[in-house]
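Structure at a glance
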Amino acid sequence: MTQLPEKTDRKMGLVIDLDTCVGCHACVVSCKGWNTENYGAPLSDQNPYGADPSGTFLNRIHSYEVQPETGPAQLVHFPKSCLHCEDAPCVTVCPTGASYKRTEDGIVLVNEKDCIGCGLCAWACPYGARELDKAEGVMKKCTLCVDRIYNENLPEEDRVPACVRTCPSNARHFGDLGDPDSDVSQLVAERGGMDLMPELGTKPVNKYLPPRPKDRLNEEIDILAPLLAPVVQEPKGFLGWLDKALEKL
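Fair warning: this is a prediction, and the values are worked out from it, not measured in the lab. (Residues numbered from 1 in each chain as written. Predicted model: local features only at pLDDT ≥ 70, side-chain atom pairs only at ≥ 80, totals over all residues. Heavy atoms only, no water.)

Observations regarding a nonpolar patch on the surface
A surface patch of nonpolar side chains, about 740 Å² in accessible area, is lined by Phe238, Leu239, Trp241, Leu242, Leu246 and Leu249. By secondary structure assignment, the location of Leu249 is in the segment after helix H8 (237–247). (Patch = residues over 30% accessible without salt bridge, like charges linked within 9 Å, V, L, I, M, F, W, Y side chains within 5 Å. Areas by Shrake-Rupley, 256 points an atom, 1.4 Å probe, with all protein chains shown as cover. Salt bridge = Lys/Arg side-chain N within 4 Å of Asp/Glu carboxyl O. Helix = DSSP H or I, 4+ residues; strand = E, 2+ residues; numbered from the N terminus.)

Structure representation (structure tokens):
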């Protein structure tokens, strides 16, 4: 079994804003594209244009309708990927050492050459963040685009995970959550960032920012009311004569 490091130099991870995520799936597409062409074996698809398509994804979006205590229901889009937990059960259960957590940045990775596709790590992960690639027979998971964030051949603004670079609503943020002065740590402190299922004790590095309360008017206003009000109470002239004539029919 693989041992977890006692501590890591940094805690690189994502902060996802559930208030601004619009569920467009741009992060899913960009993640699939980057990780199919770069790190590890390609992310395969099975019967993509058939009646029962399936495939391997490192990032998925789930949408839920939430009913607040007051006000109308809200649609919340919930992106889910590996949370790069400090106490990652997927690492300690691996029988070959293929799953491991890096000491330099805390990123959890899979050495695909050592992976035997037993699926124990997927069973151990309480978040369902690992998927077995059917074509390659190896386990796949979010790498935080480790082959991208340290790539000095890329412009500095591109040295972030593909999902972060692509997000059109700026709902995804990347940085060192072990540094209290980093932008992501400040954002978590300001918005009350939360762990996903903290009761499990996995200590996920990634954080979620809760949806903000929606603005509500003190009184309901019917914007069509002025347009529906009668222009005159009693018709006069020709319209008055016509109205009386029609009443006799």
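What about helix H6 (residues 183–191)?
Note on helix geometry: an α-helix contains 3.6 residues per turn, so any two residues three or four positions apart are oriented the same way. All of the buried residues in H6 are Val184, Ser185, Leu187, Val188 and Arg191. Angular distribution of buried residues about the axis of H6 spans 160°; they occupy a single face of the element. The exposed residues of H6 that point more than 90 degrees off its buried face are Asp183, Ala189 and Glu190. Among the residues trailing H6, Gly192 stands out with phi positive, at a value near 70°. (Buried < 20%, exposed > 50% of the residue type's maximum accessible area, 1.4 Å probe, protein only. Arc of directions from axis to C-beta.)

Looking at the pairing of strand E10 (residues 172–176)
Counting buried residues along E10, five of its five residues qualify, which places the element largely inside the surrounding structure. Bridge count for strand E1 (residues 12–17) against E10 is five bridges, and the pairing is antiparallel. In the strand pairing of E10, Met12 is matched with Asp176. (Pairing = 2+ DSSP bridges.)

Some thoughts on the packing of aromatic side chains
Enumeration over the complete set of coordinates arrives at one aromatic pair. Plain terms: the ring middles of Phe78 and Tyr208 are 4.7 Å apart, the flat faces sit at 15° to each other, and that makes the pair stacked. Residue Phe78 is found in strand E5 (residues 74–80), and its partner Tyr208 is found in strand E11 (residues 207–209); the two are separated by 130 residues along the sequence. A residue is classified by how much of its surface remains accessible, and Phe78, at 16% relative accessible area, is buried. The ring of Phe57 has Lys32 sitting right over it, with the charged end atom 4.1 Å from the ring centre. Arg148 extends its terminal NZ or CZ atom over the ring of Trp34, reaching a point 4.7 Å from the ring centre. (Phe/Tyr/Trp six-rings, centres within 6.5 Å; stacked < 30°, edge-to-face > 60°. Lys NZ or Arg CZ within 6 Å of the ring centre and 35° of its normal.)

Some thoughts on the environment of Asp105
With respect to the helices and strands, Asp105 occurs in the loop between strand E6 (99–101) and strand E7 (108–110). Overall, Asp105 belongs to the buried group, its relative accessible area being 0%. Distance from Asp105 to Lys7, taken between C-alpha atoms, is 9.9 Å for residues 98 residues apart in sequence. Once you skip the residues sitting within four places of it in the chain, Asp105 turns out to touch Arg10, Lys11, Met12 and Tyr150. (Contact = heavy atoms within 4.5 Å.)

Remarks on the environment of Asn151
Its place among the elements puts Asn151 in the loop between helix H4 (146–149) and helix H5 (162–166). C-alpha of Asn151 to C-alpha of Leu200: the two residues are 49 residues apart in sequence and 35 Å apart in space.

A word on empty space enclosed by the protein
Counting across every chain of the model gives five cavities of 30 Å³ or more. Computed from the structure, the largest cavity encloses a volume of approximately 110 Å³. In terms of lining residues, the largest cavity is bounded by 13 residues, among which Cys82, Cys85, Cys90, Cys125 and Tyr127 are the most central. Residue classes in the lining of the largest cavity are distributed as 10 nonpolar, one polar and two charged. (1 Å grid on protein atoms, 1.4 Å probe; cavity = no way out; pocket = protein on both sides within 12 Å on 5 of 7 lines; lining within 4 Å. Points joined across faces, edges and corners; volume = space filled by probe spheres on them. Nonpolar A, V, L, I, M, F, W, Y, C, P; charged D, E, K, R; others polar.)

Looking at the nonpolar core
Counting 38 residues, the largest nonpolar core has Leu14, Ile107, Leu144, Phe174 and Tyr208 as the members making the most contacts within it. Filtering out sequence-adjacent residues up to four positions away, Phe174 remains in contact with Met12, Gly13, Leu14, Leu144, Ile149, Val160, Pro161, Val164 and Val184. The next biggest cluster of nonpolar side chains, apart from the first, holds seven residues, and it includes Val15, Val184, Val205 and Leu209. (Core = buried A, V, L, I, M, F, W, Y, C linked by side-chain atoms within 4.5 Å.)

Describing the sheet that holds E10
Judged by pairing direction, the sheet is mixed, and its three strands sit side by side in the order E10-E1-E11 without closing on themselves. Each edge of the open sheet is held by one strand with a lone partner, namely E10 and E11. For this sheet the average axis-to-axis angle between neighbouring strands, irrespective of direction, equals 25°. (Axes fitted to C-alpha atoms, helices over the stretch in contact; angles between N-to-C directions.)

Concerning the side chain of Arg130
On the secondary structure map, Arg130 appears in the loop between helix H3 (120–124) and strand E8 (131–133). The buried charged residue Arg130 lacks any salt bridge partner; its closest oppositely charged side chain belongs to Glu112, at an N-O distance of 10.0 Å. Of the polar contacts made by the side chain of Arg130, one reaches the side chain of Ser99; its length is 2.8 Å. (Lys, Arg positive; Asp, Glu negative; His and termini not counted. Polar contact = N/O pair within 3.5 Å; in protein donor to acceptor, adjacent residues only side chain to side chain.)

Considering the pattern of salt bridges
In the structure shown here, the tally under the stated rule is 10 salt bridges. A salt bridge links Arg165 to Asp158; the shortest N-O distance between them is 2.4 Å. Using a relative accessible area of 19% as the deciding quantity, one classes Asp158 as buried. Taken together, the shared-partner salt bridges connect Arg102, Glu104 and Asp105 into one network.

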